[in-house]
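The lines below spell out each chain.
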Amino acid sequence: MTRHHISSGSDFERRFGYARAVVDGDWIFVSGTTGYDYDKKVLPATVETQARKALANIARTLAETGASLADVVRVRYYVSDRAHVRRIAPILADAFGEIRPAATMVLCEMIEPEMLIEIEVTALRRDAG
């Protein structure tokens, strides 16, 4: 399989010159993903809702490649406020508790002030057989 890109159609991808994901063989590298709701064209107000939506956006991207959250081997969380960590921990544990990828969490300022969390993952697609 050759290297290819997956796009969400986001304006950010065009403006900053990146892809939602890069697939190279069985490796899938998903760019930092926010909780933007592409159906409603809004960014939810709470960090909990943003975390859930970001994970759903990542799951949808992985599904396009034939992978799932179960294939994630590395996750990085970028969080805008230390107070958010306690609030999102149960959501992250629900998504990755059994999978247990290597993980890093960074407190940082986001590109837009309403963005509260961004998540990026690396996945290794497993042979279905």
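Our subject is the structure listed above.
Residues numbered from 1 in each chain as written. Predicted model: local features only at pLDDT ≥ 70, side-chain atom pairs only at ≥ 80, totals over all residues. Heavy atoms only, no water.

## Things to note about the side chain of Lys53
Inspection of the secondary structure puts Lys53 in helix α2 (residues 47-64). Buried and without a salt bridge, Lys53 has Asp37 as its closest oppositely charged side chain, separated by 4.2 Å. If we ignore the near neighbours within four places in the chain, the residues touching Lys53 are Gly35, Tyr36, Asp37 and Arg60. (Helix = DSSP H or I, 4+ residues; strand = E, 2+ residues; numbered from the N terminus. Buried < 20%, exposed > 50% of the residue type's maximum accessible area, 1.4 Å probe, protein only. Lys, Arg positive; Asp, Glu negative; His and termini not counted. Salt bridge = Lys/Arg side-chain N within 4 Å of Asp/Glu carboxyl O. Contact = heavy atoms within 4.5 Å.)

## Focus on the nonpolar core
In this structure, Ile28, Leu62, Val72, Phe96, Ile119 and Val121 are the most contacted members of the largest nonpolar core, which totals 27 residues. Secondary structure elements with two or more residues in this core: β2 (21-24), β3 (27-33), α2, β4 (72-79), α3 (82-96) and β6 (117-124). Broken down by element, the residue count for this core peaks at 6 residues, all from α2. Not counting chain neighbours up to four residues away, the residues in contact with Phe96 comprise Leu55, Leu69, Val72, Val75, Tyr77, Pro101 and Val121. (Core = buried A, V, L, I, M, F, W, Y, C linked by side-chain atoms within 4.5 Å.)

## Details of the packing of α2 against α3
Here α2 crosses α3 at 30°, and the two axes come no closer than 9 Å. Here α2 lies roughly parallel to α3, going by the angle between them. In terms of crossing hand, the pair formed by α2 and α3 is right-handed. Each of Val47, Glu48, Ala51, Arg52 and Leu55 in α2 lies in contact with α3, whose residues at this interface are His84, Arg87, Ile88, Ile91, Leu92, Ala95 and Phe96. Looking at the contact of α2 with α3 residue by residue, the classes come out as 8 nonpolar, 1 polar and 3 charged. (Axes fitted to C-alpha atoms, helices over the stretch in contact; angles between N-to-C directions. Parallel < 35°, antiparallel > 145°, perpendicular 65-115°, else oblique. Left-handed = near helix turned anticlockwise from the far one by under 90°. Nonpolar A, V, L, I, M, F, W, Y, C, P; charged D, E, K, R; others polar.)

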